[in-house]
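Close look at the chain arrangement
Letter by letter, the chains look like this.
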Amino acid sequence: MKTELSPRARTMIYGTMCVLLIPFVFPTWWMVTSSFKPVSEIFAFPPQLIPRSWDFTTYGQVFALQPFAKQYWNSAYIAAIVTVGTMGISSMAGYAFARIRFPFSNAIFMVVLLGLLIPSEVTIVPLFQLFLKLGMVNTHWPLILVPIFGAPSVFATFVMRQFFISLPAELEEAARVDGLSRFRIFTKIALPLARPALASVAIFTFLHSWNLYLEPIVFLSSADRFTLPQALTQFTDAYGGPMWNIQLAAATLTALPVLIVFIIAQKHFVEGLAHTGLKG
């Protein structure tokens, strides 16, 4: 039986939540509104929550000073390929570790998880030497291959394994009675049921690829091949100082896809996390 909260209790709860939201909402609000301000107004104290005069030319300068549309496309298609590739590999690996019994499966899974403990800064130099010998430096291949076979895929494999462990074994037993092979059980039964976990993996992977910064700096040198995090650092004046209002306009445009994806998929995201406990 549900207990109804009194109006006073609801007011206190909502008021507390609004106060707690301020540290998260204010930086985003300041970024968006400051993209329409002149530089002198950005650093005014106290901060102006709403611009005194709206300057819409900053968004046009974002595309005029840099090949920002091309850079936007670079980040978009790289993030899409990495997300799809990671979902495919992690779902198959997670299913194998969860439902297929083979020698030393738990030990191998623990070795795989060790990949999460290795910082990307440790492996960046060997990876650069490898891709340099393969002729892939200043291309997007390192930004695609490293995340798909690196730590993001390891974490995604963990998420998928935990989800597949929670599936009832009776589903597979009934499928075997019907004559389905292991691969068809995976594609026809397990994978459709794993949509919440796949949504969580998709959001985590897309966000990681979209915000990737170290690898683009190391592997890319041409402006038309830059991704957005790298491109944001290029909006500088003749003296090398940052053009704050233009940078904030570019940052606002950069943050939009992530916000849209999360708003659309947040229900599946939360549901997927609920199924990724420490069972098994």
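First, a word on what this report is: a plain description of the structure on this page. Remember, predicted model here, so these are calculated numbers, not experimental data.

This paragraph deals with the overall build of the protein. The secondary structure content of the protein amounts to 14 helices and 0 strands. Along the protein, from the amino end to the carboxyl end, the secondary structure elements read α-α-α-α-α-α-α-α-α-α-α-α-α-α. Taken over 280 residues, the protein has a buried fraction of 38%. Restricting to contacts in the protein with at least 6 residues of sequence separation, those with at least 24 account for 73%. For the protein, the exposed area adds up to about 16,500 Å²; of that, 72% sits on carbon and sulfur atoms. The centroid of the 18 positive side-chain charges in the protein is displaced by 6 Å from the centroid of its 12 negative side-chain charges.

With that settled, the discussion passes to the environment of Trp210. Structurally, Trp210 is set in helix α11 (residues 195-210). Note: C-alpha distance between Trp210 and Gln129 (81 residues apart in sequence) is 24 Å. Contact partners of Trp210, with chain neighbours within four places excluded, come to Tyr72, Ser75, Ala76, Ala79, Leu228, Pro229, Thr254, Pro257 and Val258. A polar contact is formed between the side chain of Trp210 and the backbone oxygen of Thr254, at a distance of 2.8 Å.

Applying the stated criterion across every chain, the model contains 20 aromatic pairs. Judged by centre distance (5.5 Å) and plane angle (85°), the rings of Phe131 and Phe219 are edge-to-face. Taken together, the residues span a long stretch of sequence, with Phe131 in helix α6 (residues 120-133) and Phe219 in helix α12 (residues 214-219) at a distance of 88 residues. Across the pair, Phe219 and Phe131 agree in class, each one buried. Seen from the ring of Phe109, Arg161 lies directly overhead, with NZ or CZ sitting 4.3 Å from the centre.

In this section: the packing of helix α4 (residues 68-99) against helix α7 (residues 141-149). The interhelical angle for the contact between α4 and α7, taken along N-to-C directions, is 25°, at an axis separation of 9 Å. On the basis of the axis angle, α4 is roughly parallel to α7. Here α4 and α7 pass one another in a crossing that is right-handed. For the pair formed by α4 and α7, the contact residues are Tyr77, Ile78, Ile81, Val82, Gly85, Thr86 and Ile89 on the first element and Leu143, Ile144, Pro147, Ile148 and Phe149 on the second. Looking at side-chain class alone, the contact of α4 with α7 contains 10 nonpolar, 2 polar and no charged residues.

Structurally, the position occupied by Ser200 is in helix α11. Between the C-alpha atoms of Ser200 and Met160, which are 40 residues apart in sequence, the distance is 9.5 Å.

Bringing helix α5 (residues 105-113) into the picture now. Of the residues making up α5, those classed as buried are Ser105, Phe109 and Leu113. Seen from one end, α5 has its buried residues packed into an arc of 75°, which puts them on one side. Exposed residues pointing more than 90 degrees away from the buried face of α5 are listed as Met110 and Val111. The inward-facing, buried residues of α5 abut α4 and α8 (151-165).

With that out of the way, let us pick up a nonpolar patch on the surface. A surface patch of nonpolar side chains, amounting to about 1,200 Å² of accessible area, comprises Val19, Leu21, Ile22, Phe24, Val25, Phe26, Trp29, Leu49, Ile50, Trp54 and Phe56. Along the chain, Leu49 turns up in the loop between α2 (39-42) and α3 (57-65).

Let's shift gears to the packing of α4 against α8. Between two packed helices, what matters for the description is the angle formed by their axes and the separation of those axes. Where α4 contacts α8, the two axes come as close as 7 Å, and the packing angle between them is 45°. When the axis of α4 is compared with that of α8, the two are oblique. Here α4 runs over α8; the crossing is right-handed. Every residue of α8 that contacts α4 at Thr86, Ile89, Ser90, Ser91, Ala93, Gly94, Tyr95, Phe97, Ala98 and Arg99 is listed here: Pro152, Ser153, Ala156, Thr157, Met160, Arg161, Phe164 and Ile165. In the contact of α4 with α8, the residues fall into 10 nonpolar, 6 polar and 2 charged.

Scoring rules and cut-offs
- Residues numbered from 1 in each chain as written.
- Predicted model: local features only at pLDDT ≥ 70, side-chain atom pairs only at ≥ 80, totals over all residues.
- Heavy atoms only, no water.
- Helix = DSSP H or I, 4+ residues; strand = E, 2+ residues; numbered from the N terminus.
- Buried < 20%, exposed > 50% of the residue type's maximum accessible area, 1.4 Å probe, protein only.
- Contact = heavy atoms within 4.5 Å.
- Areas by Shrake-Rupley, 256 points an atom, 1.4 Å probe, with all protein chains shown as cover.
- Lys, Arg positive; Asp, Glu negative; His and termini not counted.
- Charge placed at Lys NZ, Arg CZ, Asp CG, Glu CD.
- Polar contact = N/O pair within 3.5 Å; in protein donor to acceptor, adjacent residues only side chain to side chain.
- Phe/Tyr/Trp six-rings, centres within 6.5 Å; stacked < 30°, edge-to-face > 60°.
- Lys NZ or Arg CZ within 6 Å of the ring centre and 35° of its normal.
- Axes fitted to C-alpha atoms, helices over the stretch in contact; angles between N-to-C directions.
- Parallel < 35°, antiparallel > 145°, perpendicular 65-115°, else oblique.
- Left-handed = near helix turned anticlockwise from the far one by under 90°.
- Nonpolar A, V, L, I, M, F, W, Y, C, P; charged D, E, K, R; others polar.
- Arc of directions from axis to C-beta.
- Patch = residues over 30% accessible without salt bridge, like charges linked within 9 Å, V, L, I, M, F, W, Y side chains within 5 Å.
- Salt bridge = Lys/Arg side-chain N within 4 Å of Asp/Glu carboxyl O.

It is worth stressing that arrangement in space is one thing and function is another; only the former is reported here.
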